[in-house]
Amino acid sequence: MTHRLDATGRAGLCSTFCRELREPLAGTAVVAVGWVVVEQPGPWGAKAPMQSHLDPAFGGAFDEACKKVDVRFGLIRSPGRHPDEVERSHQVYVASTLPGRTWLLGACVDDPAALKELDLDAVGRGDRTAVLASLPSLAPIDEPVVLVCTNGKRDECCALLGRPLVSALEKLAPGRVWEANHLGGHRFAPTATFLPAGTMHGQLTVETATAVLDAAGRGEIVLTGLRGRSTWTKRGQAAEIAVRRLVGELALDALSVVGEDLEAVAVRHVDGRSWTVPVTSAPADPPRPESCGKEPFAMSILHAGTPEAGEVR
């Protein structure tokens, strides 16, 4: 296999392998029905909630609490330099990605530890009223925001490819673009999550990222580079994308994953139509590295077959 140089002029990056092998992106998003992110300037380690200037005891405990209710916790910082020597407030975003209960809240807090008061169970349920009651400083955010993974301590592809994307996007959508510490799928860099939808994209360009952000403002999805909506399981993500490609559906909340078994995933449209989508996994051939510096291995890759219209099984 040849090792094509990527846009940075570097050979052998995990993202280069991924592009060369045309690895499918569908079904590779993280799984989370809600998101909580907090601004933390300064350096980040590979495990940023415990390896940054955020209090590590709080970061570790809050991260574990979020995981228990299928909520994703992460750190964000504004594009550019990240000085944190002076006292400052921290931007917080809380999002629910559930269809019909998709919302984004934001606040500035003096201390990230204020998030201890947040009702995480309510975030997981998509109960905005209860979330607002638990942390009254939160207020609705009308425009979507984008989080781009840039943490080079986690994987160098994210820094080399993510940071230029952030810099360019910030000029086009100031105040709505943030660096993120970890979004999974380094080999798909540059990767991003769009909140509140929870849609995740990979192999982004400035043009495609701008198109996705614009579409998000209309309540729509862009299929180019779509990894999945974090609301669903990975198999559910692959199935939902397969149906969208089949029928050309772009409305964010038009489709829901309503069931799955070992062989197939059931997807339903708000208009009553339904499909059964066969979803299988197979070892990657040839093996490839999951991250830069790791040994290639035959990771499992999902494949969604042709959706079959009719009654959900």
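Scroll up for the structure.
Residues numbered from 1 in each chain as written. Predicted model: local features only at pLDDT ≥ 70, side-chain atom pairs only at ≥ 80, totals over all residues. Heavy atoms only, no water.

Draft legend 1. Representation of the overall build of the protein. Tallying secondary structure elements over the protein gives seven helices and 15 strands in all. Over its C-alpha atoms the protein spans a radius of gyration of 19 Å, differing by no more than 12% from the 20 Å that the globule rule assigns to 313 residues. The proportion of buried residues among the 313 residues of the protein is 52%. A fraction of 66% describes how many contacts in the protein between residues 6 or more apart in sequence connect residues 24 or more apart. If you sum the accessible surface of the protein, you get close to 13800 Å²; carbon and sulfur atoms cover 53% of it. Each charge class in the protein was averaged separately, 33 positive and 38 negative side chains, and the resulting centres sit 4 Å apart. (Helix = DSSP H or I, 4+ residues; strand = E, 2+ residues; numbered from the N terminus. Rg over C-alpha atoms; globule rule 2.2 N^0.38 Å. Buried < 20%, exposed > 50% of the residue type's maximum accessible area, 1.4 Å probe, protein only. Contact = heavy atoms within 4.5 Å. Areas by Shrake-Rupley, 256 points an atom, 1.4 Å probe, with all protein chains shown as cover. Lys, Arg positive; Asp, Glu negative; His and termini not counted. Charge placed at Lys NZ, Arg CZ, Asp CG, Glu CD.)

Draft legend 2. Examining the pairing of strand β4 (residues 101–109) more closely. Sheet topology places strand β3 (residues 90–98) next to β4; nine bridges connect them, and they run antiparallel. Of the residues in β4, the one forming a bridge with Tyr 93 is Gly 106. Hairpin remark: β3 followed by β4, antiparallel, with two residues in the connecting loop; positive phi at Gly 100, about 80°. Strand direction decides the pairing type here: β4 and strand β5 (residues 139–140), joined by two bridges, are antiparallel. Looking across to β5, one finds that Leu 105 is bridged to Pro 140. (Pairing = 2+ DSSP bridges.)

Draft legend 3. A look at the pairing of strand β8 (residues 192–195). Alternating residues of β8 divide into Ala 192 and Phe 194 and Thr 193 and Leu 195, and every residue in both groups is buried. Where β8 meets strand β9 (residues 199–201), three bridges bridge the pair, whose relative direction is antiparallel. Bridged to Thr 193 within β9 is Met 200. Counting the residues that bridge the hairpin from β8 to β9 gives three residues, and of these Gly 198 lies at a positive phi of roughly 80°.

Draft legend 4. Representation of the packing of aromatic side chains within the structure. All told, the structure shown has three aromatic pairs when counted by the stated rule. Plain terms: the ring middles of Phe 58 and Phe 62 are 5.3 Å apart, the flat faces sit at 25° to each other, and that makes the pair stacked. Taken together, the residues span about one helical turn, with Phe 58 and Phe 62 both in helix α2 (residues 56–68) at a distance of four residues. Pair check on accessibility: Phe 58 and Phe 62 agree, each one buried. On the numbers, 6.0 Å between centres and 75° between planes, the contact of Tyr 93 with Trp 178 is edge-to-face. Separated by 85 residues along the polypeptide, Tyr 93 in strand β3 and Trp 178 in strand β7 (residues 177–180) bring together distant segments of the chain. Each member of the aromatic cluster is reached from another via a ring pair, and the members are Phe 58, Phe 62 and Phe 73. Sitting above the plane of the Trp 44 ring, Arg 77 keeps its charged end 3.8 Å from the centroid. (Phe/Tyr/Trp six-rings, centres within 6.5 Å; stacked < 30°, edge-to-face > 60°. Lys NZ or Arg CZ within 6 Å of the ring centre and 35° of its normal.)

Draft legend 5. Structural view of the pattern of salt bridges. Counted according to the given criterion, the structure contains 11 salt bridges. One salt bridge in this structure joins Glu 23 and Arg 187, with 2.8 Å as the shortest N-O distance. Of this pair, Glu 23 sits in the loop between α1 (14–20) and β1 (34–39) while Arg 187 sits in the loop between β7 and β8, placing them 164 residues apart in sequence. In this structure, Glu 23 and Arg 187 share a single accessibility class: buried. Asp 127 is the partner of Arg 125 in a salt bridge, and the nearest nitrogen-oxygen pair spans 3.4 Å. Since its relative accessible area comes to 28%, Asp 127 is described here as partly exposed. Counted as one network, the salt bridges with shared partners bring together Asp 63, Glu 64 and Lys 67. (Salt bridge = Lys/Arg side-chain N within 4 Å of Asp/Glu carboxyl O.)

Draft legend 6. Structural detail: the layout of surface pockets. Taken as a whole, the largest pocket encloses approximately 470 Å³ of empty space. Lining of the largest pocket is provided by 27 residues; of these, Gly 184, Gly 185, Arg 187, Lys 234 and Glu 290 occupy positions nearest its centre. In terms of residue count, strand β14 (residues 300–304) provides more of the lining of the largest pocket than any other element does, three residues in total. Looking at side-chain class alone, the lining of the largest pocket contains 10 nonpolar, eight polar and nine charged residues. Each pocket or cavity is described by its volume, and for the second largest pocket that value is around 360 Å³. As for the second largest pocket, its lining consists of 17 residues, and the residues nearest its centre are Asp 63, Lys 67, Arg 72, Phe 73 and His 182. Sorting the residues of the lining of the second largest pocket by element identifies α2 and β2 (71–77) as the ones contributing at least two each. Ranked by residue count, the leading element in the lining of the second largest pocket is β2, at four residues. (1 Å grid on protein atoms, 1.4 Å probe; cavity = no way out; pocket = protein on both sides within 12 Å on 5 of 7 lines; lining within 4 Å. Points joined across faces, edges and corners; volume = space filled by probe spheres on them. Nonpolar A, V, L, I, M, F, W, Y, C, P; charged D, E, K, R; others polar.)

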